[in-house]
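A closer look at the structure
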Amino acid sequence: MRLIVDGVNFSYESKEVLRGITFEAKAGEVLGIMGQNGSGKTTLLKCINAGLRPSHGVVTVDGRDVLDMSRREIAKEMAMVMQSMNMTFPFTVYETVLMGRYSRIDSFSGETREDVEATYEAMRDTNVIQFMERSINELSGGERRRVLIARALVQEPRVLLLDEPTLHLDVNHQFELMNLITRLAREKSMLVVFVTHDIVLAARYCDRAIMMSDGEIVSAGLTNDVITPENLRDYFKVEAEIREDPRVGLNVTMIGQAVPPGKG
Amino acid sequence: MVGNYKLSPGQVFDILFRGGGSSGDRYILFDVRIPRLLCCCLVGAGLSVSGLAMQSLFKNPMASPSILGISSGAAFGASIAISFGVGAGLFGSFNTPVLAFVFCFITMGIVYAIAKTRYGVATVTLLLAGVAVGAFFNGMVSLMQYIADEDTLSAIVYWTMGSFNKCGWMSFRMAIVPVTAGIIAIVMMVRELNLVSAGEEQAANMGVNVRLVRIAAIVATSLCVGGSVAISGTIGFVGLIVPHIFRMIVGPNHKVLAPLCILGGAAFMMAMDTIAKAAFEVSLPVGVLTALLGAPFFVYVLRTRRRDIWE
Amino acid sequence: MNTKTLAIAAVAVLLVAGAGATAYVLTTDKEEEKTGGLYDLEAMVLKVDMGGITATPNIVYTIEMLYEKVYGKLPDAEYTLDEARADTEFWDAYCDYKPSAVKNKDGTYTVDSKTGRGKNQVTTKVTMGRVDCIISTGSMYMTTIYNLLCHKHGVEPYSAEAKGSDGLKTDFQKLIAGGTSLDYVEGNTELIGYFNKATYADAGANSMGNYDKETMGQNIRDVLGLHPGSNVVVMGSGSHSDQAFFESTDALVKETGGIALLLIAGSTIKDAFANIEALGMITGLSAQSEPLLKDLQVRLYAVYKALKTQEGTHKVYWEASNGKAVSGRGTSKAVMDFMGWDTTLMDGAEHDLENLNQEKPDIIVFYSNDTRPEDVRMRVAT
């Protein structure tokens, strides 16, 4: 499986949000897209799953342009876990996860045993099965995020897109969630693309990384080639110390705000 | 199964299963009471299930079938038919129901056209367009009432209060096709409604063609509302209360909710109509009764479930 | 600086307004003679019985009343029907009606039942036997029948003698067997004393539009229970019904034992005469309705001749109890047209004081059953 993003531009009204985004990724990888708020990361995710239509460029999955695919076909290839999750109506965890099977359920026959089993499996994988009958609105932020990942998993996607998966979570839950995601990526040999502004987490969990600034890719490659003190100074405006640590991989220590050139 | 023509249960049984009763008894049962009951069922089911669809589409438990202003449009259509006899040349006696139905769809078209931009249709814009167009048509109805003479005024007012008093087999035949089509369409998209009601963008990510579902839900609602108002006038609150009550009882899953709304809506409307025509010395328009019961309920829901509505 | 100026200006405005209002209240309180509102028009204020203007004998009595209130007593001149008929200008305009009922050779009657109005009016010919009992909505049929029965019993309508006549009551109660709720009768006519609450088949409604069909069926059954074998008809106004309503309701009436549904429409003086004739004919009271009609026509002619001697015209503003002008489509306009008065203000619309002061009507008419307080009607109460 090969995801190719080729020369993607996107603009809202007259404002260009993405410019010439080009990269490739394949199954089994964990790809982190980093950037500060407003750098166009979320817009890029939406262009990848055809939620937004790029003004230039194409996104292909195994050579097929996503814009030529129906929503249902896309849903079988890619699942997306979004940042916010507001539910007006109190669906149960089970009902919510089962929704993910939509693209695989025949409109006329309804859900089969296979769909129900997939739902249970996803709930077990994400460790939410113990509160499957509870309303999603009663859950904590971390539990809710896991339910959404379960819902994405039952789509049986080859690409899992995540928008700021650890936002607003306690530190221990951030680790729990990222461990879960990377484990699933290996087990199910999915391509996981996640967007984050958290450099520490990205440094620790990504196989490869992309750094974005102002709608453009400014650095891409293996994680330790992308997360460098220079890049962080130039694009995140922070001074950081980076060293290899056998326990955590790449260890980033933030020192402070970068001093603008010419003033120090 | 009660009415102002006195028939004991025994007599009804006798008429139904043994072909007994006088011609008057039989006529009242077969040509007055039964078609009226069927009309109640149709309208109750149609309004409830389309109310459910609208609540899901707008992710707002306070939405109702009239939220897109289509009932107001229908009321305007009926008003011009009553006041000026518009359409009488083409549809004869049926100009009022036909114009109500037609204006229901015209309003729907206007609202959709207003809400449509080149980026698609935003649900909130759709809602606001519905409110604006509804207000406009309400104003037009008021204008019609203002310029109408006393007889016409009372006819318009009576129509807008909603009643099954004029419902016979002809009404049932007129409404059965559009309302049933609308109900079936909604039942066929319960799964999509589940996903859309949990979030449109996420529904799209999971493979739902949200644009298609939105149009289908709106057209189905217009069919239900158009068919209903054509025969009974505008009856408020049913489409709000019934889905809401059932959601509180069984949760938000449309696979369960839709059939319950159809059955419950039909039962609720039959009960309301029975109370409206038989409980008081004068027979009340049923729309008055549903509003009298509905308004306090609306307030109750607002007070107790504020979080759900605004979150 | 700016806010300060504004505040001062606001206070000044309030003070002036307050003073003005106080002065106004004080002066109006002191006034003995009523001024303000419609009083300032210095117009003549008349009251007209609502039941009196729709297709009943009262239409002529109302015209006589209007004449006497405005111009003084009618001249004593006596006219004959032949004289009236010879005056073709009068006769063609007001009396040469097209009968709405005819008697057939086999003793049955064919009556016009009308729905809709204006160009949308549809007429259905209904053939039926003589009517024994009527279930009617509105008050015009009962008023007409009452008049005919008074003639039959030789009593003056609404007189003490009429009120004491048991024969009249018996006949009236059988003929007007049900329909319009007695509450409405009580509030809108002088006839409540002639009814028997126990036997009257109350519709719980006052128009065809809100008459519950099952109640109608039950009313017919009750009337037949009280008067077995009778010919029962249901009557009401047809101007706001359509043909589909006529057909379904007609079927209901016939299936539940009635003989016909008659929907009557009338908006002219001619219609009133035709309807009186038809009502008399189908109820077997032709012997009363024919002389009554002749009498009405002669009396109408007398007013007509008297009006010829009057110079100048009047402008009339007729307001219904909803605060809006009476519309110019019904019998009320026909009456005012007969008087030769300007009816441009009878347009069904709401007229504010400014408009009325500009238009300056010199005759203001209210319905006698208008329950609004005098000050509200005359728009002096704020």
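Per chain, the residues get numbers from 1 upward, laid out in the order the sequence is written. Lettering of chains starts at A and numbering of ligands starts at 1, both following the order in which they are written. Confidence filtering applies because this is a predicted model: local features only for residues at pLDDT of at least 70, side-chain atom pairs given and counted only at 80 or more, and all residues used for totals across whole chains, interfaces and linings.

Under the DSSP-based scheme used, a helix requires at least four consecutive residues in state H or I and a strand at least two consecutive residues in state E, with every element numbered from the N terminus. Scanning chain B for helices and strands turns up 15 helices and two strands. Since a compact globule built from 311 residues should have a radius of gyration of about 19 Å, the 20 Å found for chain B is in line with a globular shape. When its C-alpha atoms are laid out on the principal axes, chain B stretches across 65 × 45 × 35 Å. Considering chain B as a whole, with its 311 residues, one finds that 58% of them fall into the buried category. A residue pair is marked as a contact if its C-beta atoms, positioned from the backbone, fall within 7 Å. Counted over contacts in chain B with a minimum sequence separation of 6, partners at least 24 positions apart contribute 75%. For the radius of gyration, the atom set is restricted to C-alpha positions; the globular benchmark scales as 2.2 Å times the number of residues to the power 0.38. Partly exposed residues are those falling between the two cut-offs: more than 12 but fewer than 20 other C-beta atoms within 10 Å of their own, whereas 20 or more means buried and 12 or fewer means exposed, with C-beta atoms placed from the backbone.

Scanning chain C from terminus to terminus reveals 15 helices and eleven strands. Buried residues in chain C amount to 44% of all 382 residues. Expressed as a percentage of contacts within chain C between residues at least 6 apart in sequence, the contacts between residues at least 24 apart total 69%.

To continue, consider helix H1 (residues 41-48) of chain A. Residue and element names in this part refer to chain A. Counting buried positions along H1 gives eight out of eight residues, so the element sits mostly inside the fold. Inspection of H1 places Lys41, Thr42, Thr43, Leu44, Leu45, Lys46, Cys47 and Ile48 among the buried residues, and these make up the whole buried set. Of the residues flanking the end of H1, it is Ala50, one or two places downstream, whose phi is positive at about 65°.

The next point concerns the sheet that holds strand S3 (residues 109-115) of chain C. Residues and elements named next belong to chain C. Spatial ordering of the open sheet is given by S2-S3-S4, a layout of three strands whose pairing is antiparallel. The open sheet has two free edges, formed respectively by strand S2 (101-103) and strand S4 (122-128), since each of these has just one partner strand. If you compare each strand with its neighbour and ignore which way they point, the axes differ by 20° on average. Strand pairing follows a simple DSSP-based rule, namely that at least 2 bridges must link the two strands. Pairing analysis gives three bridges linking S2 to S3, with the strands arranged antiparallel. When the sheet's bridge partners are listed, Lys103 is paired in S3 with Tyr109. Fitted lines through C-alpha atoms serve as axes, helices being fitted only where they are in contact, and the angles separating the N-to-C directions of these axes extend from 0 to 180 degrees.

Listed as interface residues are 22 residues of chain A and, on the opposing side, 23 residues of chain B. Where the side of chain A that touches chain B is concerned, the elements lending two or more residues are helix H2 (71-77), strand S6 (78-81) and helix H3 (93-99) of chain A. Counted by class, the side of chain A that touches chain B contains ten nonpolar, nine polar and three charged residues. Residues were grouped as follows: Ala, Val, Leu, Ile, Met, Phe, Trp, Tyr, Cys and Pro as nonpolar; Asp, Glu, Lys and Arg as charged; and all remaining residues, including Gly, as polar.

Here, a nonpolar core denotes buried Ala, Val, Leu, Ile, Met, Phe, Trp, Tyr and Cys residues that are linked to one another through C-beta atoms within 7 Å. Ranked by internal contacts, the top residues of the largest apolar core, which has 176 residues, are Leu161 and Val192 of chain A together with Val49 of chain B. At 13 residues, helix H2 (residues 23-57) of chain B tops the list of elements feeding residues into this core. Cys133, Met235, Leu261 and Tyr367 of chain C belong to the second largest nonpolar core, which has 102 residues in total.

So, about the confidence of the model for chain B. Scored between 0 and 100, pLDDT is the confidence that the predictor attaches to each residue. With 94% of its residues at a pLDDT of at least 70, chain B reaches an overall mean of 85. Considering only residues more than four positions removed or in separate chains, one finds that residues 306-311 of chain B, a stretch of pLDDT under 50, has seven contacts.

Glancing now at the pairing of strand S10 (residues 216-222) of chain A. All names here are of chain A. Relative to S10, strand S9 (residues 208-213) runs antiparallel, the two being bridged by six bridges. Pairing of Met212 across the sheet is with Ile217, part of S10. Hairpin connection of S9 to S10: two residues between the antiparallel strands, including Asp214 at a positive phi of 55°.

What follows deals with the sheet that holds S9 of chain A. All names here are of chain A. Reading across the sheet, the six strands line up as S6-S7-S8-S3-S9-S10 and stay open at both edges, with mixed pairing between neighbours. Looking at the sheet topology across the chains shown, the edges are occupied by S6 and S10. Shown here is a sheet whose adjacent strand axes are inclined to one another by a mean of 15°, direction ignored. Here H1 sits on the sheet in contact with strand S3 (30-35), S6, strand S7 (159-163), strand S8 (191-196) and S9, set at roughly 150° to S7.

What follows covers the interface of chain C and chain B. Taken together, the contact pairs 31 residues of chain C with 32 residues of chain B. With seven residues, helix H10 (residues 243-255) of chain C is the single largest residue contributor to the side of chain C that touches chain B. Considering only residue class, the side of chain C that touches chain B consists of seven nonpolar, 16 polar and eight charged.

All names here are of chain B. Taken N-terminus to C-terminus, the directions of helix H9 (residues 190-197) and helix H13 (residues 254-278) make an angle of 115°; their axes are 8 Å apart at the nearest point. For the pair H9 and H13, the sense of crossing is right-handed. Side by side, H9 and H13 meet where Val190, Leu193 and Asn194 of the first sit next to His254, Lys255 and Ala258 of the second. Here is the rule for handedness: rotate from the far helix to the near one, and if that takes an anticlockwise turn smaller than a right angle the crossing is left-handed, while a clockwise turn gives right-handed.

All right, on to the packing of helix H5 (residues 141-153) of chain A against helix H6 (residues 171-187) of chain A then. All names here are of chain A. In the contact formed by H5 and H6, the axes pass within 10 Å of each other and the chain directions differ by 10°. In this view, H5 runs roughly parallel relative to H6, as classed from their interaxial angle. Between H5 and H6, the contacting residues are Gly142, Arg145, Arg146 and Leu153 on the first element and His173, Leu177 and Leu184 on the second. Of the residues contributing to the contact of H5 with H6, the split by class is three nonpolar, two polar and two charged. In this scheme, roughly parallel covers angles under 35 degrees and roughly antiparallel covers those over 145, while 65 to 115 is roughly perpendicular and the rest are oblique.

Bringing the domain arrangement of chain C into the picture now. Residue and element names in this part refer to chain C. Domain boundaries assigned for chain C yield domain 1 (37-75 + 312-377) and domain 2 (88-303). Where each domain begins and ends follows an automated or database-derived domain assignment. Using only C-alpha atoms to locate each centre, domain 1 and domain 2 end up separated by 26 Å. In this assembly, 19 residues from domain 1 lie in contact with 22 residues from domain 2. Going through the elements one at a time, helix H2 (58-71) and helix H13 (331-339) are the ones with two or more residues in the side of domain 1 that touches domain 2. Broken down by element, the side of domain 1 that touches domain 2 gets its largest block of residues, six residues, from H2. Of the residues that constitute the side of domain 1 that touches domain 2, the class distribution is ten nonpolar, seven polar and two charged.

Next up on the list: unusual backbone geometry. Residue and element names in this part refer to chain A. Unlike most non-glycine residues, Asn127 shows phi in positive territory, near 60°. Along the polypeptide, Asn127 turns up in the loop between helix H4 (113-125) and H5. For Asp214, which is not glycine, the phi torsion reads 55° and is therefore positive. With respect to the secondary-structure elements, Asp214 resides in the loop between S9 and S10.

Chain-level pLDDT for chain C is 85 on average; 90% of the residues reach the 70-or-more range. Both scores are given for the predicted complex: the pTM is 0.81, the ipTM 0.86.

All names here are of chain B. Within the secondary structure, His254 is located in helix H13. On the basis of neighbour counts, which here come to 27 C-beta atoms within 10 Å, the residue His254 falls in the buried class. For the pair His254 and Val49, spaced 205 residues apart in sequence, the C-alpha separation works out to 10.0 Å. The residues touching His254, leaving out its near neighbours within four places in the chain, are Ser56, Val190, Leu193 and Asn194.

Before going further, it helps to spend a moment on the environment of Leu153 of chain A. Residue and element names in this part refer to chain A. Secondary-structure assignment places Leu153 in helix H5. Residue Leu153 is classed as buried on the basis of its C-beta count, with 24 C-beta atoms lying within 10 Å. Through-space distance from the C-alpha of Leu153 to that of Ala79 is 7.4 Å; in sequence the pair is 74 residues apart. Among residues more than four places away in sequence, those in contact with Leu153 are Ala122, Asp125 and Leu184.

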